[in-house]
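Understanding the architecture of this molecule
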Amino acid sequence: MTTTPVERPPDQSLDDFSAVFDAYFSEIHRYVVQRLGPGPAEDVVAEAFLTAFRKRARYDPAKAGVRTWLYGIVTNLIHKHRRTEVRALRAVDRHGPPADAPSHEERVAAQVSAESLRPALAEAIARLGRGERDVLLLTALAGLSHEEIAAALGISYGTVGSRLSRARAKIRAALGGANPMEANHG
Amino acid sequence: MDELTEVRELYGRPDDDPFAKTRVQARMRAATRRRLPWQAGVAGLATAAAVAAAVFVPGMTTSAPALSPSSGNSTTSPGNSTTVLSGHSILLAAATRAEAAPEGAYWHVKRLYTMRWAKPYGKEGDTYQLETSNLVENWISKEGRAWSGVRKLATRPLDVEAWRRDGSPAEWKVEDGGFSTSPGEGKLVPHKGRQKFPLLEGEQLTLEEVKALPADPEALKNRMLDAIRASDVVEDAVDDNLPRVLASLLYELPTSPEVRGAAYRALAALPSVRVEGDTTDPRGRPGVAVTFPIQQGRPTQGRLIIDRDTSMVLAFLVTGMPDKGDRTEVVLESGWTDSEPVAPTAE
């Protein structure tokens, strides 16, 4: 039983969309769970695959692989849930759900995402601009390259680089002297 | 440690929820009037598109924390392609089932029960255990006409050498009949009068009552607690019966996809229920093992094996029954059918 995900030829992939779903569901779902928590993730992932199917005619294999294209779609949908994402990040230093979270869904999202998060870093990520956070998390969590992120988000290669640098600098600052690699810079 | 590693560690790796995929499919179906749009394009599957019209409720929002593997052996990776490889055949099988499912004349469940008896047989020094199997089928029509089909399969000594030293007996006497190394004949028994669907040994439900079961997990749980109490279970053991009766909603009764979804969610919310990860059922079919204690303070354990893709129950195993042995219930078929009831022949 092989477990290597193979980026199949795009034309073939989109013809057999159920195979596309089977191939990328786990990865896309995990990425959204990481950003939004498991409750909202199911809605977002369902919408992402339906959107991808609807827009398949506009998919250009010359510009991006299917996986990259799906990350682009799902990233756009995550933006609609910015409050959930930020709330989950800010819930990190509280024990229990944020006091102002009205719905069960958001409480669960916050709790689950919070389990392994540390407050200062989480707060720094919450404070990033939307574009910076996208680039940071597509790099760190999804493992996309600069080229892929540029294709997924429809931005230039240079913009990917500058957003990632800014995001990393802000995080470094937020973590202060806690980073031993940075200790000798005083 | 650089920032990207910090970020990765901050987010961690979420536990694999084995039912997330099915739930997402159910959401997509709900959003597209029960059909996944791309299935119209899969050769030969156009009409069977309600793939695995199975199980999960649109509108489910929370996850199933207790149903996440608790150990670190979660195997999902960016390319967990077991689903890629097996997805299609499972999809086809599920689609066929789903297609046949809603319109049949009879609700039909076909099961193979296997029992490994704790009691030793044979003579002193040459004892062995026996494994007995029964094929059991149940049909009930929408009007409540019902039939049972039973066939005893061949009894098998687990230690063949000891059995030979015992003189290779072909029959064993037991309290209620006997065991034989030859299979019995299949029998079909019609039930008299209007029959209902039993919940445990107590409450009997009409088809309408089955359809009216609550699709909200908490309400469904409370409804099942009432049913358990109605079957004269002592109050201390009521909670221990909950996973078992919720599991029965997944394959013994013709519940709606919404109710099955609620049953899964109710199971997931029980602290005693654990997902143990990928395994195979006694017939080698791959599935996810979900375990729970059956009797408090005793080693009796229930183990459901669930098909990851269709969310159907493949098997229910009970281990650790004191002085009794281990029991296996393999679900061979569960669904609506138009085939007339006949005496069981083969598995």
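In short, a report on the structure. Everything numeric here is computed off the predicted structure, so don't read it as measured data.

What follows concerns the overall build of chain A. The helix and strand inventory of chain A stands at ten helices and zero strands. Beginning at the N terminus, the succession of helices and strands in chain A can be written as α-α-α-α-α-α-α-α-α-α. The contacts of chain A with a sequence gap of at least 6 include a subset with a gap of at least 24, amounting to 64%. Of the accessible surface of chain A, which amounts to about 8500 Å², a share of 51% is contributed by carbon and sulfur atoms.

The secondary structure content of chain B amounts to eight helices and 16 strands. Taken across its 347 residues, chain B has 50% of its residues classed as buried. Relative to all contacts within chain B whose residues are 6 or more apart in sequence, the contacts with residues 24 or more apart total 63%. On chain B, roughly 15900 Å² of surface is accessible, and the fraction owed to carbon and sulfur atoms is 51%.

Attention shifts here to the side chain of B:Ser334. Locating B:Ser334 in the fold gives a position in strand E16 (residues 325–337). The residues contacting B:Ser334, other than those within four sequence positions of it, are B:Trp107, B:His108, B:Val109, B:Tyr251 and B:Met312.

With that settled, consider the nonpolar core. Core analysis: the largest hydrophobic core is formed by 60 residues, its most contacted members being A:Phe49, A:Ile125 and A:Leu136. No other element matches the eleven residues that helix H2 (residues 17–36) of chain A contributes to this core. For A:Leu136, the contacting residues outside a window of four places in its chain are A:Ile125, A:Leu128, A:Leu164, A:Ala167, A:Ile171, B:Leu4 and B:Val7. Listed in part, the 47 residues of the second largest apolar core include B:Leu267, B:Phe316, B:Met321 and B:Val331.

The next subject is the packing of aromatic side chains. A full pass over the atoms with the stated rule returns eleven aromatic pairs over all chains. Ring geometry for A:Tyr59 and A:Trp69: centres 4.7 Å apart, planes at 50°, overall tilted. One end of the pair, A:Tyr59, is in the loop between helix H3 (38–54) and helix H4 (66–79); the other, A:Trp69, is in helix H4, with ten residues separating them in the sequence. The exposure class of A:Tyr59 is buried, given its relative accessible area of 8%. Its relative accessible area of 15% is what places A:Trp69 among the buried residues. Ring pairing ties together the aromatic residues A:Phe21, A:Phe25 and A:Phe49, which thus form one cluster. One residue, A:Arg56, lies across the ring of A:Phe53, its end atom 3.8 Å from the ring centre. The positively charged end of B:Lys142 is found above the aromatic ring belonging to B:Trp336, 5.3 Å away from the centroid.

About the cut-offs
- Residues numbered from 1 in each chain as written.
- Chains lettered and ligands numbered in written order.
- Predicted model: local features only at pLDDT ≥ 70, side-chain atom pairs only at ≥ 80, totals over all residues.
- Heavy atoms only, no water.
- Helix = DSSP H or I, 4+ residues; strand = E, 2+ residues; numbered from the N terminus.
- Contact = heavy atoms within 4.5 Å.
- Areas by Shrake-Rupley, 256 points an atom, 1.4 Å probe, with all protein chains shown as cover.
- Buried < 20%, exposed > 50% of the residue type's maximum accessible area, 1.4 Å probe, protein only.
- Core = buried A, V, L, I, M, F, W, Y, C linked by side-chain atoms within 4.5 Å.
- Phe/Tyr/Trp six-rings, centres within 6.5 Å; stacked < 30°, edge-to-face > 60°.
- Lys NZ or Arg CZ within 6 Å of the ring centre and 35° of its normal.

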